[in-house]
Amino acid sequence: MAQEQKRADAARQVPVIELRHIDKYFGSLHVLKDVNLSVQRGEVVVIIGPSGSGKSTLCRTINRLETIDAGEIIIDGAVMPEEGKMLAKLRSEIGMVFQSFNLFEHKSILDNVTIAPRDVLRVPRKEAQEEAMRLLERVGVADQAHKVPAQLSGGQKQRVAIARSLAMHPKAILFDEPTSALDPEMIGEVLDVMTELAGEGMTMVIVTHEMNFARRVADRVIFMDGGSILEENTPQEFFSAPRSQRARDFLNSLGDRER
Amino acid sequence: MKYACLLGRTIREAFVKEYGTCSMSIYALLTQFGDRYLSALFTTYKLTAAAFALAVVIGVAVTVMRIAPVKPLRMAAEFYVQVFRNIPGAALLIFLVYALPYLDIVLSYYVCVLTAITLIPSAFCSEYLMAGMNTIDPGQIEAARSLGMTFAQLVRNVVLPQAVRSSVLQMTNLLVATMLTTALASQVPLNPTDLTGIVSYINTHAVGGVTAFLISAVLYCVTAVVIGQVGSLIDRKVRVLR
């Protein structure tokens with residue numbers, strides 16, 4: 001029993017996502033400066049910061065949608081290579097939800113969710129469709145399954161995108177400003193789905209401007225500015241007593257509405 | 001235009017002087033050569049269908065090479081497209097018929113024609129598919145990548161289907177253009193001849209004149225219009241809603 005506990009602890013020690021000394025340049029612009037980050041299983045990490053701080057780039061770097069100039073990305077103990085089959089495999093283990101949804105426009109909602117499980121994981125069609133319907137049910141868009149993305153609202157599209165990620169049974173999901181392209185009345189429905197996921201123990205990395213949401217779901221808040229992580233803190237501490245001056249300035253600039 | 005009219009009139013006058021009439025009537029042509037027109041039309045259709053099908057297959061393959069993550073492949077495909085997009089069909093046909101035998105490659109006339117009218121449209125097919133790809137939001141590519149798709153899976157599931165759907169109208173034009181290019185077949189001895197070749201045949205065996213051309217022209221036009229209509233129908237059906 002004790003040994004099992006120890007093994008479970010050891011497993012917990014391997015972070016799902018680990019970034020080591022990541023450096024990235026856009027030309028002469030140093031957008032990520034020696035960034036280190038590790039995300040444990042079940043953890044919800046929220047990255048916030050002013051625009052241009054590198055938070056989206058950091059999020060996209062985790063599954064190498066962005067190239068890096070130095071450093072290592074380790075997914076559940078495996079180093080993510082620059083290209084090849086292993087890169088594709090590790091990417092399939094990390095879900096991603098984009099600001100602009102990025103659904104496959106020529107496919108039905110159902111096919112959007114089933115295509116990757118069927119082609120990448122080789123799940124039989126029927127099984128993939130049943131699972132997809134369960135997931136669409138869960139995010140509340142099952143009745144739209146046979147429409148195409150252009151017929152859905154932004155909030156519905158983003159919930160489909162979340163279902164599409166979940167269909168791959170990812171070890172973690174990255175959210176790159178998932179509500180920034182949404183009309184205000186649709187933000188809530190997407191955040192609700194995300195809150196539910198967080199509650200179920202999904203490992204999540206979220207870049208967002210929704211401070212109330214961040215305070216509610218985050219296990220850890222990361223504050224970035226100028227390509228560096230300036231502060232890592234619990235949400236309670238961060239929002240009430242940020243350590244760095246720039247974090248204080250940032251929170252003040254949001255005004256009372258967000259706080 | 002003025003000179004063309006002048007030329008037409010001169011030819012007509014010459015005919016009238018020589019034969020007392022400028023040409024046979026449409027009725028006479030059809031009764032005498034109707035069967036030949038039909039088989040010529042069939043030859044044109046056969047060439048068109050074969051060339052277009054092959055051109056699409058090659059065009060898709062070349063297009064995949066042009067976006068492949070391997071530079072030599074991309075360069076080779078780019079070179080292919082540049083060559084066959086820019087070479088005149090007649091020049092290519094002459095090359096196949098007269099130059100290849102020097103390399104000890106002797107192809108039948110039919111194969112020469114089919115090759116010429118396949119290679120050129122295949123380059124255009126690739127160009128249209130590339131244009132179709134540009135309508136795809138790069139975000140979709142990122143989404144496919146983040147789901148763990150390899151290059152082949154990405155091309156098969158996301159890129160090609162959308163490129164094809166958004167280039168239906170161009171492909172329709174390409175099919176019509178391919179059909180018109182089959183007229184090159186009239187430059188080599190084929191039996192049965194194609195729809196342009198039949199005119200030469202008639203005019204060497206009788207006095208068909210411009211009317212013989214007119215019949216062929218009408219057959220080309222009717223086919224092109226039908227292709228165009230079917231193309232728009234398909235386009236409306238498969239177009240990607242955005």
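Residue indices begin from 1 for each chain and proceed along its sequence in written order. Whichever chain is written first is A, and whichever ligand is written first is 1; the rest continue in order. Owing to the predicted nature of the model, reporting of local features is limited to residues with pLDDT of at least 70; listing and counting of side-chain atom pairs is limited to 80 or more, with chain, interface and lining totals taken over all residues. Side-chain metrics in this entry use all non-hydrogen atoms of the structure; hydrogen atoms and water are not considered.

Draft legend 1. Focus on the overall build of chain B. Segments assigned H or I by DSSP are reported as helices when at least four residues long, segments assigned E as strands when at least two residues long, and all are numbered from the N terminus. From N to C terminus, chain B includes ten helices and zero strands. Its helices and strands in sequence order give chain B the pattern α-α-α-α-α-α-α-α-α-α, from N to C terminus. Judged by the C-alpha coordinates and their principal axes, chain B covers about 80 × 45 × 35 Å. Should any heavy atoms of two residues lie within 4.5 Å, those residues are considered in contact. In chain B, the proportion of contacts linking residues at least 24 apart, taken out of those at least 6 apart, comes to 76%.

Draft legend 2. Focus on the packing of helix α4 (residues 109-119) of chain A against helix α5 (residues 125-138) of chain A. Residue and element names in this part refer to chain A. Running from amino to carboxyl end, α4 crosses α5 at an angle of 130°, the nearest separation of the two axes being 9 Å. As far as their axial angle goes, α5 and α4 are oblique. As for how α4 packs across α5, the hand of that crossing is right-handed. Between α4 and α5, the contacting residues are Ile109, Leu110, Val113, Thr114 and Arg118 on the first element and Arg125, Ala128, Gln129, Ala132, Met133, Leu135 and Leu136 on the second. Polar here means any residue outside two lists: the nonpolar Ala, Val, Leu, Ile, Met, Phe, Trp, Tyr, Cys and Pro, and the charged Asp, Glu, Lys and Arg; Gly therefore counts as polar. Considered class by class, the residues forming the contact of α4 with α5 number eight nonpolar, two polar and two charged. Interaxial angles span 0 to 180 degrees and are taken between N-to-C directions of axes, which are lines fitted to C-alpha atoms, for helices over the stretch in contact. Should an angle fall under 35 degrees it is taken as roughly parallel, and over 145 as roughly antiparallel, whereas 65 to 115 is taken as roughly perpendicular and any remaining angle as oblique. Crossing chirality is assigned from the near helix's rotation relative to the far helix, an anticlockwise turn below a right angle marking it left-handed and a clockwise turn marking it right-handed.

Draft legend 3. View of a nonpolar patch on the surface. Residues and elements named next belong to chain B. Residues Ile26, Leu30, Leu214, Val218, Val222, Val226, Val230, Leu233 and Ile234 make up a contiguous nonpolar surface patch of roughly 760 Å² in combined accessible area. The dominant element in the nonpolar patch, judged by the number of residues it contributes, is helix α10 (residues 209-238), at seven residues. Residue position: Ile234 is located in helix α10. You can call Ile234 partly exposed: its relative accessible area is 42%. Like charges are joined within 9 Å and nonpolar side chains (Val, Leu, Ile, Met, Phe, Trp, Tyr) within 5 Å, but only among residues with over 30% relative accessible area and no salt bridge; these make up the patches. Under the convention used here, a 1.4 Å probe and the Shrake-Rupley method define accessible areas, while residue burial counts only the protein chains that appear. A pairing counts as a salt bridge when a side-chain nitrogen of Lys or Arg comes within 4 Å of a carboxyl oxygen of Asp or Glu. The buried label applies to any residue whose accessible area, calculated with a 1.4 Å probe on protein chains only, is under 20% of its type's maximum; exposed applies above 50%, and partly exposed to all values in between.

Draft legend 4. Quick peek at the pairing of strand β7 (residues 172-176) of chain A. Residue and element names in this part refer to chain A. Counting buried positions along β7 yields five of five residues, so the element is predominantly enclosed. Side chains Ala172, Leu174 and Asp176 project from β7 onto one buried face, and the interleaved Ile173 and Phe175 project onto a second face that is buried too. Strands pair, by our definition, only if DSSP identifies at least two bridges between them. Pairing between strand β6 (residues 94-97) and β7: four bridges, direction parallel. Counterpart to Met96 in the pairing with β7 is Leu174. Inspection of the sheet shows β7 paired to strand β8 (residues 204-207) by four bridges, in the parallel sense. When the bridges of β8 are listed, Leu174 appears paired with Val205. Whether a crossover is right-handed comes down to one check: with the strands pointing away from the viewer, does the path from the first strand over the helix to the second run clockwise; if it does, it is right-handed. Chirality of the crossover, the property in question, places the unit of β7, helix α7 (residues 184-199) and β8 among those that are right-handed.

Draft legend 5. Representation of the interface of chain A and chain B. Taken together, the contact pairs 24 residues of chain A with 22 residues of chain B. Accessible surface is computed with a 1.4 Å probe, and the buried area is the amount of it that two parts give up when combined, taken over both parts together. Between chain A and chain B, the buried area comes to about 2000 Å², and carbon and sulfur atoms account for 60% of it. The largest per-residue losses of area from chain A upon contact with chain B belong to Phe104, Glu105 and His106 of chain A, which jointly make up 30% of the total buried on that side. For the pair chain A and chain B, the interface holds two salt bridges. As a salt-bridge pair, Arg156 of chain B and Asp119 of chain A come within 2.7 Å of each other at their nearest N and O atoms. Counted as a polar contact is a pair of N or O atoms within 3.5 Å, where, for protein atoms, one must be capable of donating a hydrogen and the other of accepting one, and residues adjacent in sequence contribute only when both atoms are in side chains. Applying the counting rule to chain A against chain B returns seven residue pairs in polar contact (both at pLDDT 80 or more).

Draft legend 6. Representation of empty space enclosed by the protein in the model. Residues and elements named next belong to chain A. A pocket here means an open set of points on a 1 Å grid, computed over the protein atoms alone, that has protein on both sides within 12 Å along at least five of seven lines. A cavity is instead a set of points where a 1.4 Å probe fits but cannot get out; residues with an atom within 4 Å of a point line either one. Grid points are joined across faces, edges and corners, and a volume is the space filled by probe spheres set on the points. Under the definition given, this model contains one cavity of 30 Å³ or more. Approximately 50 Å³ is the volume found for the largest cavity. Along the walls of the largest cavity sit Arg138, Val139, Ile162, Leu166, Val193, Glu196 and Leu197, which together make up its complete lining. Residue assignment for the lining of the largest cavity shows that the elements contributing at least two residues are α6 (154-166) and α7. Take the lining of the largest cavity: its biggest share by element is three residues, from α7. Classifying every residue of the lining of the largest cavity gives five nonpolar, no polar and two charged.

Any functional reading would require information beyond the geometric quantities listed.
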